[in-house]
Each structure stands twice: as structure tokens, then as C-alpha cells.
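Given next are the chains, with one letter for each unit.
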Amino acid sequence: MTNSAAPHLLPVFARADIGFERGEGVWLIATNGDCYLDFTSGVAVNALGHAHPALVKALQEQATKLWHMSNLFQSPDGEKLAARLCSESFADFVFFCNSGAEALEGVIKLVRHHHFSKGHPERYRIITFEGAFHGRTLATLAATGSAKYLEGFGPPMDGFDQVAHGDIEAVKKAIGPATAGILIEPIQGEGGVRSAPLGFLKALRQLCDEKGLLLAFDEVQTGMGRTGDLFAHRRTGVTPDVMSLAKALGGGFPIGAVLATADAASGMGPGSHGSTFGGNPLAIAAANAVLDVMLRPGFFDHVQKMSLLLKQKLASVIDRHPDIVSEVRGEGLLIGIKAVVPSGDLIAALRNEKLLTVGAGDNVVRFLPPLIVTEAEIEDSVIRLERACAALSGSKRTAS
């Protein structure tokens with residue numbers, strides 16, 4: 001990795017020394033003409049791949065009509081998208097914003113305001129979990145609780161109590177008179193593709209019901225088909241009160257959303273929250289087009305079929321290269337491989353084979369192909385992984 005960005009871009013990204021000029025399906029074409037198999041999907045954003053015809057058509061048509069309007073006025077297309085999201089989930093209301101971090105900010109504010117509106121302003125604290133990642137704003141950094149992200153930005157924002165992932169007794173001990181809710185990712189993406197045990201999620205739901213707390217799911221990465229259903233919560237059988245969405249919601253066009261039940265959102269009246277660009281007509285058009293594709297019969301069946309194939313193929317690589325990779329994790333097409341070698345070395349070796357992947361915590365490499373990936377493309381990716389593992393094994397033997 002290198003910081004070879006243009007000199008006027010703030011150097012906060014360790015950018016690989018590759019630039020891309022176009023994409024098609026699961027492929028990216030670099031400025032030098034090289035073709036790369038994209039198993040990053042813009043970090044779980046390009047769920048329908050690159051230049052999907054339905055998304056291109058929707059944006060082209062909307063671009064000739066209306067780019068922006070104020071939220072002072074009605075949004076018929078935004079209302080349509082909100083109604084569709086509610087019909088497919090637990091929610092009664094939707095708030096549109098621009099990103100995952102902004103969606104999480106909305107979740108945090110909604111959870112706090114829920115109790116304020118019911119006469120309990122002292123209830124503002126939210127329980128979160130080790131290994132979580134909720135965003136880069138000051139509030140979402142505090143919710144994340146990771147020292148490496150918090151360093152240098154002063155005292156963390158108050159209001160978050162972080163406990164061990166999967167430890168229900170630790171959650172019970174953390175609940176106090178000021179607790180307002182619990183925030184969890186059904187599967188931790190950045191945290192190493194770690195799934196929350198189903199029994200743990202059910203226990204959280206029961207605790208929230210008993211204690212009058214709101215259960216919030218962060219589905220920024222797991223939502224919009226990534227786990228093999230439109231939302232991960234539909235596969236768990238556990239229903240949250242509040243949920244954040246972003247990433248794949250716009251298929252690559254920036255949009256986020258907060259979904260909530262009527263009870264959870266009680267008190268959120270005019271002026272309690274807002275966003276200049278939230279519900280932008282271009283973003284709404286893109287998201288409606290994404291839903292059009294994802295809700296077609298058989299779409300999620302395909303995701304689940306490709307997930308099973310990819311997991312089986314990756315497991316066979318582990319059998320042949322236990323010195324390089326040791327475990328397959330995840331659901332749907334949110335797949336992680338735990339590396340034995342440094343994960344950055346594996347990512348670099350895969351990039352040398354023209355396969356793009358993305359790192360995660362716990363020395364994990366994420367495989368996040370577009371949900372439209374084919375069997376042939378999965379086979380191709382595993383061949384490239386085999387070559388990368390062989391190259392790394394050869395390097396280890398040479399070094400020894």
C-alpha cells in the first residue's frame with residue numbers, strides 16, 4: 001500500500017497504487033488497461049456491480065428531471081422508497097440521509113430522544129460491543145470504542161458503554177438507570193466478520209423488552225442483500241426497534257437511512273432532526289432501482305447459492321494451504337477468511353493476481369463480491385486465491 005494520492009488530497013487513506021477508469025459487472029478496468037476481479041464492491045457498496053443497466057437508466061432519467069430540492073417540500077419518490085422499505089421490514093418510518101455514519105448518528109439521536117419524549121431525559125446511554133465499527137463521526141467513534149480510531153480527537157463523547165461481544169451477563173451488568181438502548185451489528189464486518197450468536201440476539205431482544213430499552217441494529221454493511229436476504233434481521237428472527245442502512249442501498253450512489261417503529265420514533269417531530277441532502281432525488285432514484293432488482297423473484301436465492309459455492313471453494317483452499325489461511329466466516333456474500341500470514345500480505349498477493357479484496361479486524365480478509373456474481377466468476381476468484389497462497393507459501397519457504 002502507498003500514499004501516492006494527488007498532493008492536494010488529505011492523506012488519510014493508505015491508497016493502493018492503482019487507479020480505475022471504468023467498471024462492468026464484477027470487473028474493474030485500471031487506467032493502464034488491466035482488468036481486476038472486484039471482490040470489494042466498494043466495501044459492500046456496489047451490490048449490483050458496476051454500471052448495472054437498471055441503475056444507469058434510473059440515474060440518467062432522473063438527471064434530466066430534478067437533482068435537488070429542499071426537504072421543506074414533499075418528496076413523492078422518497079415516500080415511495082420509504083413505503084417499500086417499511087413493507088419489507090419491521091419499520092413504520094424512514095429518515096433518509098447521506099452515509100452510514102450519518103445514519104448511525106440518526107439512530108443514536110432517535111434512541112435518546114425516544115426516552116426524552118417519554119419524560120426520561122436521564123436515559124441516554126447506549127450499550128455497544130467490542131469489535132464494532134459504527135462510523136467516523138465523533139459520536140459513532142465513541143460508539144465504536146476502538147482506541148486506534150479515537151486517538152488524537154480528545155475525550156470520547158459520553159454516553160456509550162462497551163462490553164464483550166456475545167457476553168449476555170456483561171450486558172446485564174452494564175444496564176443501569178441511564179441506559180436507553182443497545183446497538184449491535186448482526187455481523188461485525190470491520191471487526192473481522194464475526195456473527196452475533198442467534199441466542200445472544202434473542203437474549204438482547206428479551207432484555208430490551210424487560211427493561212424498556214430500544215434495540216438498534218447497525219445494518220449498514222449487512223443490509224440490502226449482503227447476507228442473503230434484504231436485511232440480516234429477517235434471517236435471525238429477531239426484530240429491532242431501530243435500524244441503520246447505507247452502503248448498498250444506493251448501489252454506489254451515496255444514501256443512508258434510519259428505519260424505526262412508530263413507538264421508537266415517538267417524539268421525533270419537525271425540527272428534531274434534519275439533513276440538507278438527505279433524500280436527494282438522484283439518490284432516491286438509485287435506491288428505488290436497487291430495490292427493483294433485489295425484489296425480483298430468485299435474487300436472494302442466487303445470493304445464497306453463490307454463498308454456499310464460495311464457502312465450499314474457500315474451505316478447499318484452506319485444506320491445501322493451512323499455512324496461509326485457516327478459517328472461513330460469514331453469511332451470504334459477506335465472507336471472511338482468517339489469515340495465518342499477515343492479512344495485508346494476503347491482500348497484496350491477491351491484488352498481484354488481479355483480485356481485489358479488503359481487510360478487517362482479527363487478521364481477516366473480506367471477500368465481498370457484487371451480489372450478481374456468477375459461478376464462473378467465483379471459480380475464477382478461487383483460482384486466483386490458490387495462486388496467491390502458492391506464492392506466499394513459496395516466499396515463506398525461501399525465507400526459511
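Everything numeric here is computed off the predicted structure, so don't read it as measured data.

Colleague: Explain the sheet that holds strand S17 (residues 364-367) residue by residue, including any values.
Modeller: Here we have 4 strands laid out as an open sheet, ordered S13-S14-S17-S16, and antiparallel in their pairing. The open sheet has two free edges, formed respectively by strand S13 (325-331) and strand S16 (358-360), since each of these has just one partner strand. Neighbour-to-neighbour, the strand axes of the sheet open up by a mean angle of 30°, direction not taken into account. Where S16 lies against S17, 3 bridges are found, and the strand directions are antiparallel. Following the sheet pairing, Ala360 is matched in S17 by Val364. Seen against the sheet, helix H11 (residues 299-320) touches S13, strand S14 (334-339) and S17 and runs at an angle of roughly 170° to S13. Against the sheet, helix H12 (residues 343-352) makes contact with S13, S14, S16 and S17, and its axis sits at roughly 35° relative to S17, the strand it touches most.

Colleague: Describe the UniProt feature "binding site: N(2)-acetyl-L-ornithine" (unreviewed entry) in the protein chain, and please don't skip the residues or the numbers.
Modeller: This chain's UniProt record puts "binding site: N(2)-acetyl-L-ornithine" (unreviewed entry) on Arg136 and Ser275. Relative to the helices and strands, Arg136 is located in the loop between strand S5 (125-129) and helix H5 (138-144). Excluding residues that lie within four positions of it along the chain, Arg136 makes contacts with Ala101, Leu141 and Tyr149. Tracing the backbone shows Ser275 in the loop between strand S12 (256-260) and helix H10 (281-294). Sequence-distant contacts of Ser275, that is, excluding residues within four places in its chain, are made with Asn71, Phe95, Phe96, Cys97, Asn98 and Glu102. A polar contact is formed between the side chain of Ser275 and the side chain of Glu102, at a distance of 3.3 Å.

Colleague: Give me the UniProt feature "binding site: pyridoxal 5'-phosphate" (unreviewed entry) in the protein chain: which residues, what numbers.
Modeller: When the UniProt feature table is mapped onto this chain, "binding site: pyridoxal 5'-phosphate" (unreviewed entry) is found at Gly100, Ala101, Phe133, Asp218, Glu219, Val220, Gln221 and Thr276. The largest pairwise C-alpha distance within this set of annotated residues, which runs over 177 residues, is 25.3 Å, so the set is dispersed in three dimensions. With respect to the secondary-structure elements, Ala101 resides in helix H4 (residues 100-117). With a relative accessible area of 19%, Ala101 lands in the buried category. Those residues in contact with Ala101 that sit more than four places away from it in its chain are His134, Gly135, Arg136, Thr137 and Thr140. Tracing the backbone shows Asp218 in strand S10 (residues 214-218). When neighbours within four sequence positions are excluded, Asp218 is seen to be in contact with Leu104, Phe133, His134, Leu183, Ile184, Glu185, Pro186 and Ser244. Side chain to side chain, Asp218 and His134 meet in a polar contact 2.8 Å long.

Colleague: I'd like to hear about the nonpolar core, residue by residue, with values.
Modeller: Core analysis: the biggest nonpolar cluster contains 82 residues, and Val171, Leu204, Met224, Met294, Leu346 and Phe367 have the highest contact counts within it. Sort the elements by how many residues they give to this core and H11 lands first, with 9 residues. The residues contacting Met224, other than those within four sequence positions of it, are Ala47, Asp229, Leu230, Phe231, Leu245, Ala248, Leu249, Val290, Leu291, Met294 and Leu371. With 23 residues, the next largest nonpolar core counts Cys97, Ala142, Val242 and Val258 among its residues.

Thresholds applied
Here the residue numbering is sequential within each chain, running from 1 through the sequence in written order. Side-chain atom pairs in this predicted model are given and counted only at pLDDT of 80 or more, local residue features only at pLDDT of at least 70, and totals for whole chains, interfaces and linings cover all residues. The side-chain numbers reported here are obtained from all heavy atoms of the structure, hydrogens and water having been left aside. By the convention used here, strands pair only if DSSP detects at least 2 bridges between them. Helix and strand definitions here come from DSSP, where helices need a minimum of 4 consecutive H or I residues and strands a minimum of 2 consecutive E residues; each element is numbered from the N-terminal end. All axes here are fitted lines through C-alpha atoms, helices being fitted over the stretch that makes contact, and every angle between N-to-C directions spans 0 to 180 degrees. Every residue pair with non-hydrogen atoms within 4.5 Å of one another is taken to be in contact. UniProt positions are given in the numbering used here, feature names are shortened, and annotations may be inferred rather than shown by experiment. The term polar contact refers here to a pair of N or O atoms within 3.5 Å; inside protein, the definition further demands a hydrogen-donor-capable atom paired with an acceptor-capable atom, and it admits residues adjacent in sequence only when both atoms are side-chain atoms. Think of it in three bands: with a 1.4 Å probe and only protein chains considered, a residue is buried below 20% of the maximum accessible area for its type, exposed above 50%, and partly exposed in between. To form a nonpolar core, buried Ala, Val, Leu, Ile, Met, Phe, Trp, Tyr and Cys residues must be joined to one another through side-chain atoms within 4.5 Å.

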